[in-house]
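Descriptive analysis of the structure
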Amino acid sequence: MSILRKRLSEFDDILDADEIDTASLSKICFHGIPDEPGGLRPLCWKLLLNYLPSTKSSWLETLKRKRELYNTFIEDLIVMPGESNSDDKERVDVTLHDHPLNLNPDSKWQTYFKDNEVLLQIDKDVRRLCPDISFFQQGTDYPCQKIVNANGQQRLHHRVQHTVLKSANVERKGLGVTKQIAVSVRKATEDYAPLAEGGEAHWEVLERILFLYAKLNPGQGYVQGMNEIVGPIYHAFACDPDPTWRKHAEADTFFCFTNLMGEIRDFFIKTLDEAEFGINSMMSKLTNQVRANDPEVWLRLHQQELCPQYYSFRWLTLLLSQEFPLPDVMRIWDSLFADENRFSFLIHICCAMILLLRDQLLAGDFATNVKLLQNFPSMDIQIVLSKAAALAGKTL
């Protein structure tokens, strides 16, 4: 029996059971989820991100409830002032009670304009997601009918125009901006174009997911970089070979993304930078691990005053989603989602990346090393993960 066939058989044994052994599933997923055949990754991620319960008999009820809830979010939260939310779609006359110049904070129009400030940034970010592949520019087979059949008026990209943003609109929630979140090693040369009326590109679906997330989480809102987190999840679900799963990729992505953000939210809120799992704490752990495993490299970076903020802020905050091609990112996330101390393993991966550049870092000056770390060179992802596993006392 080939190694791949043996691994697929192990997955089948776990996933075919009436009660999923989540510990065994995590153990096997940590070593990577086979890409083909069968589309195992979408289902495994739904389980690892606690979207699906371990009891298989409850899946249908859970999925039905969650997907109906998501449809309710669309109906309730993506509505323009003056538009009816009723079945007859008649326009509501709000002029006696509300109008665009109404400054009352409770005004629907004021909410609409405030939402558009957030939407402008989301729109800008999703139009340039993963330019090294064409997927996000392509049309989904399952556009949201409530949106595309509304004469185009509720397609979110119609609500904003591309303008220069004020700095306040690109800051993390809290006291200030950390621009490194916005720095990308992969940028599209041009913004993705929306599809003709009646259709939706995948980036438009992501725009809706992120907008709804921001609306439902006002304490955090949208922060640049969240598009890089939701993108790989949606890609996995929207490419599921089973159409019964694929048609609900949007709703399923929303809840898996929400669950994941619940775990890494401290990375995106500046006032929590100093918390136990805040970004400064994570960078300190990385620095300490580099020092413990290679004092010479640590000393070189320390002497050059090459602070971890210059490179590892983005690595940690965005779960390495901008440092590697999408297939490698998804492989990394198999291990991150499966590790019981999953974000401790993220530290190990980042440390491995630094140690694997040892010779170049010891030979390079400050400028060379900053460029090297901010643009991690192409490398077999299995080498990086095997090094990280060794640091963690595991095997891959």
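Provided above is the structure to which this section pertains.
In this report, we go over the structure that sits alongside the text. None of these values were measured; they are calculated from a predicted model. (Residues numbered from 1 in each chain as written. Predicted model: local features only at pLDDT ≥ 70, side-chain atom pairs only at ≥ 80, totals over all residues. Heavy atoms only, no water.)

**Remarks on the packing of aromatic side chains**
Going through the model one piece at a time under the given rule, you end up with 17 aromatic pairs. Ring geometry for Tyr 213 and Phe 257: centres 5.0 Å apart, planes at 65°, overall edge-to-face. Of this pair, Tyr 213 sits in helix α7 (residues 202-216) while Phe 257 is found in helix α10 (residues 249-268), placing the two residues 44 residues apart along the sequence. For the pair formed by Tyr 213 and Phe 257, the shared burial category is buried. Over the face of the ring belonging to Phe 30 we find Lys 394, whose NZ or CZ atom lies 5.3 Å from the ring centre. (Phe/Tyr/Trp six-rings, centres within 6.5 Å; stacked < 30°, edge-to-face > 60°. Helix = DSSP H or I, 4+ residues; strand = E, 2+ residues; numbered from the N terminus. Buried < 20%, exposed > 50% of the residue type's maximum accessible area, 1.4 Å probe, protein only. Lys NZ or Arg CZ within 6 Å of the ring centre and 35° of its normal.)

**A word on the nonpolar core**
Ranked by size, the top nonpolar core spans 116 residues in total, and within it Leu 25, Trp 45, Leu 319, Trp 333, Ile 349 and Ile 354 carry the most contacts. Each of domain 1 (39-81 + 105-165 + 197-265) and domain 2 (270-392) accounts for three or more of the residues forming this core. Excluding residues within four positions of it along the chain, Leu 25 makes contact with Phe 11, Ile 14, Leu 15, Ile 20, Cys 44, Leu 47 and Leu 48. (Core = buried A, V, L, I, M, F, W, Y, C linked by side-chain atoms within 4.5 Å. Domains from an automatic or database assignment. Contact = heavy atoms within 4.5 Å.)

**Side note on the state of the cysteines**
As enumerated under the stated definition, the model contains zero disulfides in all. You can see Cys 44 has no disulfide; the closest cysteine sulfur is in Cys 29, sitting 3.9 Å from it. Judged by its relative accessible area of 0%, Cys 44 falls in the buried class. For Cys 350, which is in no disulfide, the shortest distance to another cysteine sulfur is to Cys 351 and amounts to 8.8 Å. (Disulfide = S-S within 2.5 Å.)

**Some details on unusual backbone geometry**
Negative phi is the rule for most residues except glycine; trans is the rule for most peptide bonds. In this structure, Glu 305 takes a positive phi of about 55° despite not being glycine. Position of Glu 305 among the secondary structure elements: in the loop between α12 (295-303) and α13 (312-317). Here the phi dihedral of Leu 320 falls at roughly 65°; this positive angle occurs in a residue that is not glycine.

**Details of the pattern of salt bridges**
A side chain with one charge may pair with a side chain of the opposite charge, provided their charged atoms come close. Taken as a whole and assessed by the stated rule, the structure comprises 16 salt bridges. Asp 294 is the salt-bridge partner of Arg 358, the closest N and O atoms lying 2.5 Å from each other. A residue pair is termed long-range when its members are at least 10 positions apart, and Arg 358 in helix α16 (residues 358-363) and Asp 294 in the loop between α11 (279-293) and α12 qualify at 64 residues. One salt-bridge network, in which partners are shared between bridges, spans Asp 35, Arg 41 and Asp 334. (Salt bridge = Lys/Arg side-chain N within 4 Å of Asp/Glu carboxyl O.)

**Things to note about α12**
Taken together, the buried positions of α12 are Val 297, Trp 298 and Leu 301. Along the long axis of α12, the arc covered by the buried residues comes to 100°, so they all point the same way. Summarising the geometry of α12, the exposed residues directed more than 90 degrees from the buried face are Pro 295 and Gln 303. Considering only its buried residues, α12 is in contact with α11, α15 (342-355), α16 and α17 (366-374). A positive phi of about 55° marks Glu 305, the residue just after α12. (Arc of directions from axis to C-beta.)

**Brief notes about the environment of Ser 344**
Examined against the element boundaries, Ser 344 turns out to sit in helix α15. A residue is classified by how much of its surface remains accessible, and Ser 344, at 39% relative accessible area, is partly exposed. As a C-alpha pair, Ser 344 and Ala 392 span 48 residues in sequence and 8.7 Å in three-dimensional space.

**What to know about the side chain of His 348**
Structurally, the position occupied by His 348 is in helix α15. The class for His 348 is buried, based on a relative accessible area of 16%. Beyond its immediate sequence surroundings of up to four residues, His 348 is in contact with Gln 289, Ala 388, Leu 391 and Ala 392.

**Remarks on the packing of helix α4 (residues 59-77) against α10**
At a minimum axis separation of 9 Å, α4 and α10 run at an interaxial angle of 95°. Looking at the two axes, α4 sits roughly perpendicular to α10. Between α4 and α10, the contacting residues are Leu 63, Lys 66, Arg 67, Leu 69, Tyr 70, Phe 73 and Ile 74 on the first element and Glu 250, Ala 251, Asp 252, Phe 254 and Phe 255 on the second. Across the contact of α4 with α10, the residue classes tally to eight nonpolar, no polar and four charged. (Axes fitted to C-alpha atoms, helices over the stretch in contact; angles between N-to-C directions. Parallel < 35°, antiparallel > 145°, perpendicular 65-115°, else oblique. Nonpolar A, V, L, I, M, F, W, Y, C, P; charged D, E, K, R; others polar.)

**Brief notes about α17**
Within the sequence span of α17, burial applies to Asn 369, Val 370, Leu 372 and Leu 373. Relative to the axis of α17, the buried residues are bounded by an arc of 165° and lie together on one face. Exposed side of α17, more than 90 degrees from the buried face: Ala 367 and Lys 371 are the residues found there. Looking at the packing, one finds that the buried side of α17 touches α12, α13, α15 and α16.

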